[in-house]
Amino acid sequence: FTPNSSGSPSILEGTTAEPIGICQIAYDEINDCMYFAYRNSHNDVTCAPTGIYRYSFATDAVDLLLEGPNVFGLVVNNTPSKLF
């Protein structure tokens, strides 16, 4: 994930006044990870694919968790629970 703040032209989503690439960020304080949704708006194969990612502060690694969805919201629930 290298920001493209200059170039010919920079790839933008949104408007030229308000570019969006990473559209949501949520911090998981229990696991010390940051989750974010990234949109590769032009299907550029040189960029990371659209999906949900996790950044671990402990390992300094970015992992793709789910490829494909165009995410408009992201939240971390820090309350342990059973889904079923």
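Look a little higher up for the structure.
On a predicted model such as this, the values are computed, not experimentally measured, just so you know. (Residues numbered from 1 in each chain as written. Predicted model: local features only at pLDDT ≥ 70, side-chain atom pairs only at ≥ 80, totals over all residues. Heavy atoms only, no water.)

Turning our attention to the packing of aromatic side chains. Any aromatic ring pair is given by two values, namely how distant the centres are and how the planes are angled relative to each other. According to the stated counting rule, one finds three aromatic pairs in the structure shown. Here Tyr27 and Phe57 contribute two aromatic rings whose centre-to-centre distance is 6.1 Å and whose plane-to-plane angle is 70 degrees, an arrangement assigned as edge-to-face. Placement of the pair is Tyr27 in strand 1 (residues 22-28) and Phe57 in the loop between strand 3 (51-56) and strand 4 (61-67), with a sequence separation of 30 residues. Overall, the relative accessible area of 41% leaves Phe57 in the partly exposed class. On the numbers, 4.9 Å between centres and 85 degrees between planes, the contact of Tyr55 with Phe57 is edge-to-face. Look at Tyr55 and you get buried, because its relative accessible area is 18%. Grouped by ring-pair contacts, the aromatic residues Tyr27, Tyr55 and Phe57 constitute a single cluster. (Phe/Tyr/Trp six-rings, centres within 6.5 Å; stacked < 30°, edge-to-face > 60°. Helix = DSSP H or I, 4+ residues; strand = E, 2+ residues; numbered from the N terminus. Buried < 20%, exposed > 50% of the residue type's maximum accessible area, 1.4 Å probe, protein only.)

Attention now moves to the environment of Phe57. When the C-alpha atoms of Phe57 and Asp32 are compared, they prove to be 6.3 Å apart, with 25 residues separating the residues in sequence. Each residue touching Phe57, except ones within four places of it in the same chain, is listed here: Tyr27, Asp32, Cys33 and Met34. (Contact = heavy atoms within 4.5 Å.)

Once that is clear, we can look at the pairing of strand 4. In this structure, strand 3 lies alongside strand 4, joined through six bridges in antiparallel fashion. Opposite Tyr53, over in strand 4, you have Leu64 as the bridge partner. (Pairing = 2+ DSSP bridges.)

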